[in-house]
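Residue-level listing of the chains:
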Amino acid sequence: MNFFRGVIGGQAAGPQPSGAETIQKLCDRVASSTLLEDRRDAVRALKSLSKKYRMEVGTQAMDHLINILQTDRSDSEILGYALDTLYNIICNDEEEEQDENAQKQADDLGALFTDKFIQDPEHVTLLLTLLEEFDFHVRWPGVKLLTALLKNQGVQLQGVILVSPMGVSRLMDLLADSREVIRNDGLLLLQQLTKGNAAIQKIVAFENAFERLLDIITEEGSSDGGIVVEDCLLLLLNLLKNNSSNQNFFKEGSYIQRMKPWFEVGDDNSGWSAQKVTNLHLMLQLVRVMVSPVNSPGATSSCQKSMYQCGLLQQLCTILMATGVPADILTETINTVSEVIRGSQVNQDYFASVNAPSNPPRPAIVVLLMSMVNERQPFVLRCAVLYCFQCFLYKNQKGQGEIVATLLPSTIDANSISAGQLLCGGLFSADSLSNWCAAVALAHALQDNLTQKEQLLRVQLATSLGKPPVSLLQQCTNILSQGDKIIRRGSKVQTRVGLLMLLCTWISNCPIAVTHFLHNQENVPFLTAQISENLGEDERLVQGLCALLLGICIYYNDNSLENYTKEKLKQLIEKRIGKENFVEKLGFITKHELYSRAAQKPQPVFPSPEQMLFDHEFTKLVKELEGVITKAVHKSSEEEKKEEEVKKTLEQHDNIVTQYKELIREQDSQIQELKEQVASMTSQNEQKQATITQQLSQIQQHKDQYNILKLKLGKENQSQSNSQGDVSQVNGLQTEELIQLKEEVEELRKQHTLLQTQLDDKDALINTLRSEAAQTAEGSAGGSENTELLKELETLRSQVQSQSTEINQLQTEREELLRRAEAGSSDVVHSSDGSLDSAKMAELESRLAAQMTETERLKEETKSLSGSRADLEQQLASATSTVAILQTEKAKLQTEVQESKKEQDDLLMLLADQDQKIHSLKQKLKDLGETVEDEDDLDAREQTDDDEEEEEEEDED
C-alpha cells in the first residue's frame, strides 16, 4: 500500500520512478494481484495517469483493462474505473487549446487505440453487454466509451454492432433511462451510430425511436427547450435524411401532425435565445427533409398533402408573415415553405391566398418579391425569396397565368403594387443582382407554358414621356444591343446573363416569339457580332448564351420572315462566324465552372452574389437544346426537307396507330359487353325453354279438355233436335242473349284478324333474320353453325305456325258451335209446339262462357310466345357459339383420351414383354438346376403358413 500512497499521495523519499515505470508496475499489479481491493486501487491509479500518460497507459494497460472487464463483472467500482481509463486513452477531446500538429497527433493516437480495441469484435460485444448494467458507475462510462469509439472508427464499429445480437436494441434502451445524464449521452451515442448507415437507421426507427424522441422533445419544451432538444432533432435528421423507408414510416405513423406545435410562436417574438434559434432551425430542416426535391415524387406529394391537412403549412406561413422573427429563421422558413408547396397545386393555391398583415393587406408573394428586388436585404434572404417564387410556379400553370396577367394592360391597377410591376422594376433597375433575380423569376413564369409566352408578347412598357410604348421583348433586346445609358446598366455580366436566359426561355418552343424577336432588325446583327468577337474569359459565357439564343431562332423558326428563314440564318452563321466556331462558342455554357453547380439541385445556393449566374431550370433547357441546335446548324436544306417529310410520315403513322388503338379499345369493350350479354342470354334461354315446355304441356291439356267438351255439346245438340216440342217456351231474354253471343263472336273474329296480322309480322321478321344469317354464313368460316341456327329458327317458326293453326281451328269450331246454337234458337222461335228446357240452356251458356275464357287465355299465351320468339332466336345464336366451343373442347378431350389409351396399350405391351423375359430367365435357371418358385407357389406357401399359425393359436387356447 505504500507504493500506491507514493503514486497517489505525497512525495516519498528517494529517487522517483518515471511515468512509464510506474504504469508498468501498476499493470503488473493488476495482472498478478489476487485481492480485488489491490486490483481496484491499481486501476484507479491508472485512471489518474491516463490523461497525462495517454500513450503509455494505452500501450501497456489496454489488454489488462479489457481483462478486468471480463473477469471482475461482479464489482461495479472496478468496472467503472476500467471504463473511464479506456475512455481517457481513446477519446480525442482535449480541454486545453493545442496547435494543429498536436491535435492531429491526438487524433491519430485515438484512432490507433480504437483500432486496437475493436480488433477483436468480442470486445465490442462485451461493452454492449456491460451497457445492460443498471449501475450508474458502469453504464455511464460505457456509453461515453462507445461514443468515443464511434467517433474514431464509426464504419468499422457500425458493422460490428449491426451483426451483434440485440446490439441496437440495447442501445435504444438508453433513451428510456430515468437518469437524464445517461439518456442525454445515449442521444449522442445514437447520433454517431446512425451516421451514414441506412440499415442501422431502419433498425433504430423500428425500435420506436420516433415516438421516444418526439416525447422527449415535448417534455423538454419543444423549440424553447435546451441542448437535449437539439440532440433529439439531430438524431431525427440522421434517421430521415436520404432514407425513404424511414420517411414513409414517419409519415404513416402520423408523426408529421406532431410537428405542428413546434412552430406555434407567440405575438411577442422579441428576445429569441440562441438555443431557440438553433432548435427552430433544425425543426425547419426536418420538415424540408420530408419534402426535399431529391425524394421520390410520390413520397414528397404525400408528405405535402399531410402537411397541408394538419395545418403545418398554415403555421409556417404565419411565421413567414410574423414580425420580430430573426433573419436566419425567416430565411429558413421561406426555404421550407418553398419545398412544401413545390409541385403541389393545393398548397400553391393556398400560398397564393396568404396575405400579409398590413393595411391594406397585400399578398405574401408581393411582399416577398419586394424583398427580392431590394438591394438592402441580405443576400441569402433574396435567394430564399427567389427559390420560393420558383417553387410557387413549378408545374403551376394557373399561378404562371396569374403572374403574367399582372403585366397585361387590361389588368394593371394603378393604385396597388403587383408582382408584375415589381418584376419589371427589378428587371430594369441599377442593381445587377435585382436584374438577374427578376429575369430568372419571369423566366419561371414562362417555363413550359406556350400560352403565357404568347401572352407576354402583349406587354407594353412606357419608357419616357412623349415616346410611344415598347414591348417587353423589345426593351430586353434594347438593353442588350443599344449604346445609351441603359447599356451601361446592363454591361455587367450578371445582368446580361439574366436577360439572355430570359430571352432563351421565352422564345424556345414558341415560333411566334421567335418571329417577334427576329422582326427587330438589330437583334441578329448584334448576336452575330457578339459571337464572332474574341473577348476575355468573363465574356465567354455571354458569347455562349448569344449563340444559344441565335440557335433557338434557327431551330424554332417557322420561316414566316423572308429575310430570316432557317436557311438564311445558317448561311449568315457560316459567313460571319463559321459553323465550327459557332458550336465552340455554344459549348462555353456547359464548360463554365458554375454551370455544374447550378445543375445539381433546384435551390439557388451561392457563396457570393457575383457567382449567381445560372438557374437550375435553365441548365435543363441548355442540356435539351445544345445537341439539337448543333445538328440544326450543320444540316443542309435537303436534309431538313427530308426530316420534315419523315416527321410528317411519322406523325401520320402515329395518328394511324392511335386510331387503331382506339378502335381496338372499342372492340375490346364491345367484346366484353357481348360476353356479358351471351352469359345473360344463355341463362335466359334456359329459362325460356323451360317456360315453353311448360306452356306446350298446358296447351295439350286444354286441347284435350276442349275435345271432351265438344263431344258433350254434340250429344246435347242431338238430343235437342229430337225434342223440339219441349223448347217452345223461349222468351225475349233468350233472343237478347243470342244477340250478345253474336257480338262476342264478331269480336273474337276481329281479335283473330289482329293475331293473324301479328303472325305475319313475325314471319317477315323470321325471313329477315334468315336472310341476314345467310349473308353471315357466306362471309364467315362458321357455315355449319349458321345452318344449325337456321334450322332452329325454322323449327321455332313451325311451332308457332302449328300453334296458330290450332288456335284457328279452335276459333272455327267455336263459331260452328255458336252457329248451331243460333240455328237451334231460331227453330225454337218459329216452332209453336216445342219448348226449351231452361236448365239445359243455362248449362250450354256456361259451357260457351268457359270456352270463350279458355280461348282468351290461349290468345294471351300465343302473344307472349310470339313476343319471346325474337329473344329466343338471339339467345339460340349465342348458345350455338357456346355449343361449338364445347364441341371443340370435347374433341380435345377425346384426343387426350385416345392418347391415354395408346399409352396404356404401350405399357401393357412392355409389361407383357417383361413377363416373357422373366419367364424365360426362370426357365433358364431351372435348366441350370436352380430352384425357382413361381408366384403361385409363393401364394400357396403363404396360405399354408397362415393356416399353421391359426392352428397353433387354437392349440394354445
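Details of the structure are given in the entry above.
Criteria and cut-off values
Residues numbered from 1 in each chain as written. Predicted model: local features only at pLDDT ≥ 70, side-chain atom pairs only at ≥ 80, totals over all residues. Heavy atoms only, no water. Salt bridge = Lys/Arg side-chain N within 4 Å of Asp/Glu carboxyl O. Helix = DSSP H or I, 4+ residues; strand = E, 2+ residues; numbered from the N terminus. Buried < 20%, exposed > 50% of the residue type's maximum accessible area, 1.4 Å probe, protein only. Contact = heavy atoms within 4.5 Å. Core = buried A, V, L, I, M, F, W, Y, C linked by side-chain atoms within 4.5 Å. Phe/Tyr/Trp six-rings, centres within 6.5 Å; stacked < 30°, edge-to-face > 60°. Lys NZ or Arg CZ within 6 Å of the ring centre and 35° of its normal. Patch = residues over 30% accessible without salt bridge, like charges linked within 9 Å, V, L, I, M, F, W, Y side chains within 5 Å. Areas by Shrake-Rupley, 256 points an atom, 1.4 Å probe, with all protein chains shown as cover.

(A) Structural detail: the pattern of salt bridges. Evaluation of the coordinates by the stated rule reveals 21 salt bridges. K398 is the salt-bridge partner of D349, the closest N and O atoms lying 3.9 Å from each other. On the criterion of sequence distance, the pair formed by D349 in helix α19 (residues 345-353) and K398 in helix α22 (residues 397-405) is long-range, its members being 49 residues apart. In this structure K398 comes out as partly exposed when scored by relative accessible area, which is 48%. Sharing partners across several salt bridges, the network here consists of R40, D41, R44, D75 and E77.

(B) A look at the side chain of Q530. Following the sequence through the fold, Q530 ends up in helix α30 (residues 523-532). You can call Q530 buried: its relative accessible area is 14%. Those residues within four positions of Q530 in sequence are excluded, and the remaining contacts are R496, L535, V542, Q543 and C546.

(C) The nonpolar core, seen in detail. In this structure, L146, L171, W262, F263, F351, W506 and L548 are the most contacted members of the largest nonpolar core, which totals 208 residues. Per element, the largest residue contribution to this core is 12 residues, and it comes from helix α21 (residues 379-393). When sequence neighbours within four positions are dropped, the list of residues in contact with L171 reads L128, L131, L146, I161, L189, L190 and L193.

(D) Here's a closer look at the packing of aromatic side chains. Counted by the stated rule, this structure contains 11 aromatic pairs. Relative to F249, the ring of F210 lies with its centre 5.8 Å away and its plane at 35 degrees, an arrangement referred to as tilted. Pair noted here: F210 is in helix α12 (residues 198-219) and F249 is in helix α14 (residues 244-252), with a separation of 39 residues, a long-range link. Here Y595 and F614 contribute two aromatic rings whose centre-to-centre distance is 5.6 Å and whose plane-to-plane angle is 90 degrees, an arrangement assigned as edge-to-face. Pair noted here: Y595 is in helix α35 (residues 593-600) and F614 is in the loop between α35 and α36 (616-634), with a separation of 19 residues, a long-range link. Accessibility expressed as a relative area gives 10% for Y595, which makes it buried. The exposure class assigned to F614 is buried, which follows from its relative accessible area of 1%. Here R179 stacks its cationic end above the ring of F134, 3.9 Å away from the centre of that ring. Seen from the ring of Y394, R342 lies directly overhead, with NZ or CZ sitting 3.8 Å from the centre.

(E) Fine view of a nonpolar patch on the surface. Taken together, the side chains of I656, Y660, L663 and I664 present a nonpolar region at the surface, about 390 Å² in accessible area. Tracing the chain through its elements places I664 in helix α37 (residues 637-722). A relative accessible area of 46% means that I664 is categorised as partly exposed.

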